[in-house]
Amino acid sequence: MNVEAVIKTDKKIPLRSRTIIHLILIHNKVSESFSHALKPFGISTQQFNVLRILRGQQSKPANLSTLNERMVSKMSNTTRLVDKLMNKGYVDRIVCMSNRRKVEITITKEGLKALSEMDVVLEKTEKEILINFSDSELEQLNHLFNKF
């Protein structure tokens, strides 16, 4: 991806600025690809993230704090995401009777089934996004990302 060509400028962009713009453009491309892949399921990338976290709990309930800590996008309104997933039948929320502030959230069978269907589509999307990279290049890229 040629940054100058994408933003339609003939001016040479300084390296640090060019790098940041490049990262933003890549983020947008990945986000758009994932959103497009999830659209048939009526799920946002943040809702998908909540479902994956809950599946990773292996039938143990999670609370809103756990979900917030593990979310890829920390700016998400987790309560609203859980409400939307409940309306779809993908998660259950149980309020503890002895401590009304304690809320336990679990993924339903329907949520697990839908998530496994989404996994297939997103795996294909990941392959399409990363088609031009070898495994060793991806290892190197991840190593560089770890510097953030």
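In this text the structure is predicted, and so the values were computed from the model without any measurement.

Conventions used here
- Residues numbered from 1 in each chain as written.
- Predicted model: local features only at pLDDT ≥ 70, side-chain atom pairs only at ≥ 80, totals over all residues.
- Heavy atoms only, no water.
- Helix = DSSP H or I, 4+ residues; strand = E, 2+ residues; numbered from the N terminus.
- Rg over C-alpha atoms; globule rule 2.2 N^0.38 Å.
- Contact = heavy atoms within 4.5 Å.
- Areas by Shrake-Rupley, 256 points an atom, 1.4 Å probe, with all protein chains shown as cover.
- Buried < 20%, exposed > 50% of the residue type's maximum accessible area, 1.4 Å probe, protein only.
- Pairing = 2+ DSSP bridges.

## Quick word on the overall build of the protein chain
Broken down by element type, the protein chain carries seven helices and two strands. Computed over the C-alpha atoms, the radius of gyration of the protein chain is 19 Å, more than 25% above the 15 Å expected from 2.2 N^0.38 for a compact globule of 148 residues. In terms of its C-alpha atoms, the protein chain occupies a principal-axis envelope of roughly 65 × 30 × 30 Å. Counting contacts in the protein chain only where the partners sit at least 6 residues apart, residues at least 24 apart contribute 47% of the total. Accessible surface computed for the protein chain: about 10,800 Å², of which carbon and sulfur atoms make up 54%.

## Some points on the side chain of Thr-125
On the secondary structure map, Thr-125 appears in helix α6 (residues 109–129). Those residues in contact with Thr-125 that sit more than four places away from it in its chain are Ser-33, Phe-34 and Ala-37.

## Structural notes on the environment of Lys-84
For Lys-84, the position within the fold is in helix α5 (residues 78–87). Residue Lys-84 is classed as partly exposed on the basis of its relative accessible area of 36%. Along the sequence, Lys-84 and Ile-7 sit 77 residues apart, while their C-alpha atoms lie 36 Å from each other.

## Topic: the pairing of strand β2 (residues 103–107)
Burial of the side chains of β2 is restricted to one face: Val-103, Ile-105 and Ile-107 are buried, whereas none of Glu-104 and Thr-106 on the reverse face is. Relative to β2, strand β1 (residues 91–95) runs antiparallel, the two sharing five bridges. Across the sheet, Asp-92 pairs through a bridge with Thr-106, a residue of β2.

## What about unusual backbone geometry?
With a phi close to 50 degrees, Gln-58 is a non-glycine residue in the positive phi region. Locating Gln-58 in the fold gives a position in the loop between α3 (45–56) and α4 (64–70). Look at Gln-58 and you get exposed, because its relative accessible area is 63%. The backbone of Ser-59 shows a phi angle near 75 degrees, a positive value even though the residue is not glycine. You can see Ser-59 is positioned in the loop between α3 and α4.

The values reported here are purely geometric and, on their own, carry no functional implication.
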